[in-house]
Amino acid sequence: MHLESVLRSSARHAKPAGLTLQYGTAGFRTKAEHLDHVMHRMGLLAVLRSKKTKFIIGVMVTASHNPEEDNGVKLVDPMGEMLVQEWEIYATNLANAEEHELQTVLTNIIKQEAINMQDESSVAIGRDTRPSSESLSLAVIDGVTALESKYQDYGLVTTPQLHYIVCCRNTDGRYGEPSVEGYYQKLSKAFNDLVKQSPECQAEKECLSIDGANGIGSLKIKEMERYLQPRLSLQLFNDGSNGRLNYMCGADYVKVQQKPPEGIDMKPNERCCSFDGDADRIVYYYKDSGDGFHLLDGDKIATLISTFIKELLVKVGLELNMAVVQTAYANGSSTRYLEEVMKVPVYCAKTGVKHLHHKAQEFDIGVYFEANGHGTVLFSKTAEEQIRQLTKTGASEESRKAAQMLENVINLINQTVGDAISDMLVIEAILSLKGLTIQKWNEIYTDLPNRQLKVTVADRKVIDTTDAERRTVKPPGLQEKIDDLVKKYNMSRAFVRPSGTEDVVRVYAEADTQENADALAHEVCLAVYHLAGGVGDQPKPLR
Ligand code: 16G
Ligand code: MG
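Residues numbered from 1 in each chain as written. Chains lettered and ligands numbered in written order. Predicted model: local features only at pLDDT ≥ 70, side-chain atom pairs only at ≥ 80, totals over all residues. Heavy atoms only, no water.

Each helix and strand in the chain was counted, giving 18 helices and 19 strands. Its C-alpha radius of gyration of 23 Å places the chain within 12% of the 24 Å reference for a compact globule of 543 residues. In terms of its C-alpha atoms, the chain occupies a principal-axis envelope of roughly 65 × 60 × 45 Å. Buried residues in the chain amount to 59% of all 543 residues. Pairs at least 24 residues apart make up 70% of the contacts formed inside the chain by residues separated by at least 6 positions. Across the chain, the 62 positively charged side chains and the 75 negatively charged ones have centroids separated by 2 Å. (Helix = DSSP H or I, 4+ residues; strand = E, 2+ residues; numbered from the N terminus. Rg over C-alpha atoms; globule rule 2.2 N^0.38 Å. Buried < 20%, exposed > 50% of the residue type's maximum accessible area, 1.4 Å probe, protein only. Contact = heavy atoms within 4.5 Å. Lys, Arg positive; Asp, Glu negative; His and termini not counted. Charge placed at Lys NZ, Arg CZ, Asp CG, Glu CD.)

Core analysis: the biggest nonpolar cluster contains 83 residues, and Phe 275, Tyr 284, Ile 365, Met 424 and Leu 425 have the highest contact counts within it. No other element matches the 10 residues that helix α15 (residues 420-434) contributes to this core. Excluding residues within four positions of it along the chain, Leu 425 makes contact with Leu 187, Phe 191, Met 224, Leu 228, Leu 232 and Leu 412. Counting 43 residues, the second largest nonpolar core, distinct from the first, contains Val 47, Leu 75, Leu 94 and Leu 136. (Core = buried A, V, L, I, M, F, W, Y, C linked by side-chain atoms within 4.5 Å.)

Time to look at the site of ligand 1. Residues in contact with ligand 1 amount to 16 residues; listed here are only the nearest, Glu 370, Ser 499, Gly 500, Thr 501 and Arg 506. Contact distances for ligand 1 include 2.9 Å between an oxygen atom and a side-chain N or O atom of Asn 372. (Near = heavy atom within 4 Å. Polar contact = N/O pair within 3.5 Å; in protein donor to acceptor, adjacent residues only side chain to side chain.)

What follows covers the packing of aromatic side chains. Scanning the entire structure with this criterion turns up 13 aromatic pairs. Pairing Tyr 285 with Phe 293 gives two aromatic rings, centres 5.6 Å apart and planes at 40°, and the pair type is tilted. Of the residues examined, Tyr 285 reaches a relative accessible area of 0% and is grouped as buried. Classification of Phe 293 by relative accessible area gives partly exposed; the value is 24%. One aromatic cluster is present, formed by Tyr 164, Tyr 175, Tyr 183, Tyr 184 and Tyr 227 through successive ring pairs. Above the ring of Tyr 175, the side-chain terminus of Lys 186 is found at 3.5 Å from the ring centroid. The side chain of Lys 300 reaches across the aromatic face of Tyr 445, ending 4.1 Å from its centre. (Phe/Tyr/Trp six-rings, centres within 6.5 Å; stacked < 30°, edge-to-face > 60°. Lys NZ or Arg CZ within 6 Å of the ring centre and 35° of its normal.)

To continue, consider the pairing of strand β10 (residues 293-296). Where strand β9 (residues 282-287) lies against β10, 4 bridges are found, and the strand directions are antiparallel. By the bridge assignment, Lys 287 is partnered in β10 with Phe 293. From the end of β9 to the start of β10, which pair antiparallel, there are 5 residues, and Asp 291 there has a positive phi angle of about 75°. (Pairing = 2+ DSSP bridges.)

The subject of this paragraph is unusual backbone geometry. Backbone geometry follows two general trends: most residues other than glycine have a negative phi, and most peptide bonds adopt the trans configuration. For the bond running from Gln 229 to Pro 230, omega is 5°, close enough to zero to count as cis. The step from Lys 474 to Pro 475 runs through a cis peptide bond, and the omega angle for that step is -5°. Within the element layout of this structure, Pro 475 appears in the loop between β17 (471-474) and α17 (478-487). Phi at Asn 214 takes a positive value of approximately 55°, unusual for a residue other than glycine. By the element assignment, Asn 214 lies in the loop between β6 (208-211) and α8 (216-228). On the basis of relative accessible area, Asn 214 is assigned to the buried category, the value being 9%.

Let us look at the domain arrangement of the chain. Many descriptions give the size of an interface as the accessible area lost when the pieces come together. We note that the domain assignment places domain 1 (3-156), domain 2 (181-295), domain 3 (298-419 + 432-442) and domain 4 (450-531) within the chain. Distance from the C-alpha centre of domain 2 to the C-alpha centre of domain 3: 21 Å. Contact with domain 2, which involves 25 residues of that partner, is made by 22 residues of domain 3. Both sides of the domain 2 and domain 3 interface together cover about 2,300 Å² of buried area, and 59% of this is carbon and sulfur. (Domains from an automatic or database assignment. Buried area = accessible area lost by both parts, 1.4 Å probe.)

Turning our attention to the coordination of the magnesium ion (ligand 2). By definition of the ideal shapes, a tetrahedral metal site with four donors has angles of 109.5 degrees and an octahedral site with six donors has angles of 90 or 180 degrees. Binding of the magnesium ion (ligand 2) to the protein goes through Ser 64 (OG), Asp 276 (OD), Asp 278 (OD) and Asp 280 (OD), at separations of 2.0 to 2.2 Å. On the primary sequence, the residues serving as donors to the magnesium ion (ligand 2) are separated as S-x211-D-x1-D-x1-D. Note on accessibility: Asp 278 and Asp 280 belong to one class, buried. (Donors = N, O, S within 2.8 Å, 3.2 Å for Na, K, Ca; no water.)

All right, on to the sheet that holds strand β13 (residues 365-369) then. Ordered by their spatial adjacency, 4 strands build an open sheet running β12-β11-β13-β14, and the pairing between neighbours is mixed. The open sheet has two edge strands, β12 (346-349) and β14 (375-379), and neither has a second partner. Put simply, the sheet's adjacent strands are angled 20° from each other on average, direction ignored. With 5 bridges joining them, β13 and β14 adopt antiparallel strand pairing. Opposite Phe 369, over in β14, you have Gly 375 as the bridge partner. Packing of helix α10 (residues 298-316) onto the sheet brings it into contact with β11 (322-327), β13 and β14, and relative to β13 it is tilted by some 165°. Running at roughly 160° to β13, helix α12 (residues 353-360) makes contact with β11, β12, β13 and β14 of the sheet. (Axes fitted to C-alpha atoms, helices over the stretch in contact; angles between N-to-C directions.)

Following the criterion strictly, the structure yields 0 disulfides and no others. Summary of cysteine pairing: Cys 167 is not part of a disulfide, and the nearest cysteine sulfur, belonging to Cys 168, is at 5.9 Å. Cys 167 sits in the buried class, given a relative accessible area of 6%. The class of Cys 168 is buried, set by a relative accessible area of 0%. (Disulfide = S-S within 2.5 Å.)

Let us now look at helix α5 (residues 133-146). In this model, α5 (14 residues) spans 20 Å end to end at C-alpha, consistent with the 20 Å of a helix rising 1.5 Å per residue. Here α5 has its buried residues at Ser 133, Leu 136, Ser 137, Ala 139, Val 140, Ile 141, Gly 143, Val 144 and Ala 146. The elements touched by buried residues of α5 are α1 (3-11), α2 (36-53), β2 (57-61), β3 (70-76), β4 (122-127) and β5 (150-156). Of the residues flanking the end of α5, it is Glu 148, one or two places downstream, whose phi is positive at about 55°. (Expected span 1.5 Å × (residues − 1).)

How two helices sit against one another is set out by the angle between their axes and by the gap between those axes. It is at 12 Å that the axes of α8 and α15 come closest, and there the two elements cross at 35°. Relative to α15, α8 is oriented so that their crossing is right-handed. Across the interface between the two elements, Lys 220, Ile 221, Met 224 and Leu 228 of α8 pack against Ile 421, Met 424 and Leu 425 of α15. (Left-handed = near helix turned anticlockwise from the far one by under 90°.)

See the structure below:
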């Protein structure tokens with residue numbers, strides 16, 4: 001074991017004494033200046049994980065939609081999934097070990113997981129465009145080399161590109177060429193083939209405006225653009241040339257504020273979309289001729305994609321079980337539309353991609369999206385094989401063509417994780433194939449008015465939830481109170497959950513009118529404040 005050199009290397013990335021951090025919903029995230037030791041140690045952990053699994057492990061330096069001065073790290077497991085949950089505790093223990101405890105914590109992980117330190121290992125490293133990301137990724141590399149592991153630094157990549165590369169490398173290229181270039185080639189080929197099959201295919205399509213959140217997504221879209229011409233014409237805003245990352249722009253800003261980002265030139269009725277800071281989330285929107293703003297979030301995306309796939313399955317004549325996985329935040333109208341009109345089974349998972357991804361793996365075709373725009377489609381091996389077979393042996397020209405379209409969707413969607421670029425191309429292809437405008441897409445169902453708020457409490461762990469976060473079991477009396485409040489309004493629903501990324505309790509409410517959704521959200525905030533130890537001023541009504 002090379003633990004001596006590890007300790008020497010760690011001393012160069014010393015942990016500020018007393019600082020503790022949690023591996024949250026999607027890894028560590030905090031102010032960049034507190035993360036040097038965490039990065040070094042996640043380099044160590046990635047090596048251990050690689051030795052354990054005998055596969056390449058990914059480490060992505062990013063804080064996603066958080067402000068530019070923050071940073072964070074996400075670990076990527078062999079098939080491009082997020083780090084298995086059983087290892088999150090090791091990540092937390094390592095990050096929080098004081099220098100003199102580091103050796104013991106490392107030795108314990110090695111023992112518990114029966115890791116053979118002589119085994120080979122390799123780590124793939126990527127980073128976003130934050131000013132702090134370069135030096136933090138060097139800290140990861142220092143950790144990796146302290147354990148004498150191999151590594152490859154992929155430099156500036158989107159989070160989903162790193163997930164893709166890890167999956168390609170661990171499947172001997174069967175998923176694609178393990179490079180950013182390979183990613184562009186795979187996706188653009190699938191996109192161009194898909195759109196080509198459209199009877200509606202118009203050489204001159206109106207342009208899609210993209211808000212790149214001043215982040216990595218805009219750099220990568222610029223690189224990819226030439227592969228997509230002439231079938232997709234793009235106009236890029238917030239491309240990072242002057243604005244700040246995620247500041248008044250990006251998918252999270254648009255979704256939470258329910259308004260357009262700064263820095264975009266929106267023409268009435270034109271399609272626009274926003275990526276988040278590491279390009280793993282996307283939302284669409286447009287402005288109508290009366291200046292009204294319309295948001296098409298992850299629920300609308302899930303509906304569009306699952307409807308399209310279901311229609312193709314009917315044409316192909318394949319009976320595969322397809323389901324949509326959402327979270328408690330899914331708009332009630334989307335769930336109702338999918339279940340009642342589309343007759344697609346819908347499941348609710350806890351917030352956080354890993355939970356949705358896991359659930360979606362249970363089906364032949366699992367479409368998962370969080371309302372905030374994070375999601376993808378998973379095809380089981382059987383589904384993929386059957387579809388590929390039918391591109392050749394389908395009963396009719398029409399069914400073979402439908403099978404080919406499904407095959408192109410399989411190649412276009414990034415099955416390792418939600419991916420703004422890949423999702424955008426799937427959406428653009430569907431709109432083009434169906435001849436749908438963004439307005440028509442939006443009209444498929446009407447969102448129920450909703451409101452999201454947050455309450456600060458002394459300790460958010462006093463709230464415990466069940467039923468995929470839709471009901472609370474602690475503190476006593478809170479759920480009963482929420483039930484009473486919900487009864488006062490029509491078509492209403494509300495839930496509260498402790499955030500996994502911020503020290504707050506989140507409150508969600510929906511109802512028949514915006515006024516009622518706002519009032520219900522406020523009343524639920526008050527209930528949380530009183531029953532769960534609110535701090536600071538009592539929540540004020542919105543109007
Ligand atoms: C993280 C999750 C996202 C989730 C959000 C909830 C991933 C890659 N990201 O950003 O899926 O919606 O946390 O945040 O899993 P909250 O717990 O603060 O509401
Ligand atoms: Mg993100």
